[in-house]
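In case you want the letters, here they are:
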Amino acid sequence: MSSFDPTKQDRFTFGLWTVGNPGRDPFGPSVRATLDPNHIVRKLAECGAAGVNLHDNDLIPFGASAAEQDRIVSTFKKTLADTGMTVPMATTNLFSHPVFKDGAFSSNDPKVRAFALQKTMRAIDLGAELGARRYVFWGGREGTDADACRDPRTALKRTRDAMNFLCEYVKDNDYGMQFALEAKPNEPRSEIYLPTTGHMLHFISTLEHEEMVGVNPEVAHEVMAGLSFAHSVAQAMECDKLFHIDLNGQKMGRYDQDLRFGSEDLKGAFFLVRLLEGTLGGKRYDGPLHFDAHAYRTEDEEGVWEFAKGCMRTYKILHQKALAFDADSEVQAIIAEQKDAAIDPLLGGGYSAATAASLKGMEIDVDAVAQRGLQYERLDQLTVEHLLGVRG
Ligand code: GLT
Ligand code: MN
Ligand code: MN
């Protein structure tokens, strides 16, 4: 067994909807059979994953009776127990049914908003029953095609009201869950409200129970917005708001591709793993590592499990590369923090009138500082050589 084979300690998870994706797209129907959730759990366990995540309707068909739900849930729980798999995260499908065609929490129709709350409370109950500690909100239809349809401030207020209500619901039921909000700039709507992780972070600061709410950034969604995923994740980590993460691959300027992790922008994936694993210092992310991706439409079921193994293997390989990179003395020498005994005490220690006076009066040879080369060409070449396997 190579050291890149995943184990449960690696905390890798997949959604039922990810490996279960049958390859349907706007231009053609399914190319693979729909997989039974119990089969998915058994196969993921064999592949080395630790857990599986789900929307309410990935497991329970829309409109199922209470008796049918009980039967499905008890079989599923048995499969989880037999395989040692967990359900670390659950979520609600608030985007497939036509009732959500103009959004769920932000809809102009109070009946839709009420139904969205009802469906989410029931799905939270299901998540709690399966042991989920994190609950994701992806507002896929919370946006516009015809922008005249509502004041965007009203959409934000309605979304805030829903989040505040659902936080209270979780507290009232002692579920001990955290919420993780997932941003996306567009698709399936022309515009989606709260389009990036940065927007989400500010929105969270306006909630009544902001301590319960963090973000679930997804590689593809930040790249679609033209942003550095690692920088978005870093901002979330720096304020202790990275509650979950959706790993995948994406080319910029395309539809939401949800490709196998690391299949695009290897350097970006490398810097992400380096950040999450804390190989450059600082706190590590210790939550679930969820792959929100799916196999190419060209694949049969065997290709799906190859895809799943590929996501996990690439993460582990990049982790090893990041350890080697940060242990490389040439890299360390280039990025070593510069020390200046005269200046350091004046920086980062906050304001005082004396500090302000010292800084204002300080003689700094700006030309000498400006002329110094920073060796970042060498640093980036070292990054490339580590990734290409000729160093480390
Ligand atoms: C949907 C979406 C994902 C979200 C899932 C959670 S569903 O597949 O494309 O990015 O994370 O609702
Ligand atoms: Mn996602
Ligand atoms: Mn996506």
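Above this note sits the structure.
Throughout what follows, the structure given in this document is the object of discussion. (Residues numbered from 1 in each chain as written. Chains lettered and ligands numbered in written order. Predicted model: local features only at pLDDT ≥ 70, side-chain atom pairs only at ≥ 80, totals over all residues. Heavy atoms only, no water.)

## Points about the overall build of the chain
Within the chain, the secondary structure is distributed over 15 helices and 10 strands. Radius of gyration (C-alpha) of the chain: 23 Å, near the 21 Å computed for a compact globule of 392 residues. Overall, the C-alpha framework of the chain stretches about 75 × 55 × 40 Å when taken along its three principal axes. Taking all 392 residues of the chain together, the buried fraction comes to 48%. Once local pairs closer than 6 in sequence are excluded, the contacts in the chain between residues at least 24 apart make up 77%. In the form shown here, the chain has an accessible surface area of approximately 19,500 Å², with 53% of it arising from carbon and sulfur atoms. Across the chain, 43 positive and 57 negative side-chain charges occur, with their mean positions spaced 3 Å apart. (Helix = DSSP H or I, 4+ residues; strand = E, 2+ residues; numbered from the N terminus. Rg over C-alpha atoms; globule rule 2.2 N^0.38 Å. Buried < 20%, exposed > 50% of the residue type's maximum accessible area, 1.4 Å probe, protein only. Contact = heavy atoms within 4.5 Å. Areas by Shrake-Rupley, 256 points an atom, 1.4 Å probe, with all protein chains shown as cover. Lys, Arg positive; Asp, Glu negative; His and termini not counted. Charge placed at Lys NZ, Arg CZ, Asp CG, Glu CD.)

## Some details on the coordination of the manganese ion (ligand 2)
In this structure, Glu182 (OE), Glu218 (OE), Asp246 (OD) and Asp292 (OD) serve as the protein donors to the manganese ion (ligand 2), at separations of 2.0 to 2.2 Å. For the manganese ion (ligand 2), the 6 donor atoms are set out with angles of 76 to 164° between them, so the coordination reads as octahedral. Here the manganese ion (ligand 2) and the manganese ion (ligand 3) are spaced 4.7 Å apart, with Glu218 acting as a shared donor. Placement of Glu182 in strand β6 (residues 178-182) and of Asp246 in strand β9 (residues 246-247) is noted, with a sequence separation of 64 residues between them. Take Asp246: its relative accessible area is 1%, and that puts it in the buried class. (Donors = N, O, S within 2.8 Å, 3.2 Å for Na, K, Ca; no water. Tetrahedral: all angles 85-135°; square planar, octahedral: opposite > 155°, others 65-115°.)

## Structural notes on the pattern of salt bridges
The full count for this structure, using the stated rule, is 20 salt bridges. The partner of Asp25 in a salt bridge is Arg297, and the shortest N-O contact between them spans 4.0 Å. In this pair, Asp25 sits in the loop between α1 (16-19) and α2 (37-47) while Arg297 sits in the loop between β10 (289-291) and α11 (301-327), placing the two residues 272 residues apart along the sequence. We classify Asp25 as partly exposed; its relative accessible area is 34%. Here Arg391 and Glu330 are joined by a salt bridge, their closest N and O atoms 3.1 Å apart. Here the residue Arg391 occupies a position in the segment after α15 (376-388), and Glu330 occupies one in helix α12 (residues 329-335), the gap between them amounting to 61 residues. On the accessibility criterion, Arg391 (24% relative accessible area) is partly exposed. Exposure remark for Glu330: the relative accessible area of 27% places this residue in the partly exposed category. Among the charged side chains, a network of salt bridges with common partners joins Asp102, Asp145, Arg150 and Arg189. (Salt bridge = Lys/Arg side-chain N within 4 Å of Asp/Glu carboxyl O.)

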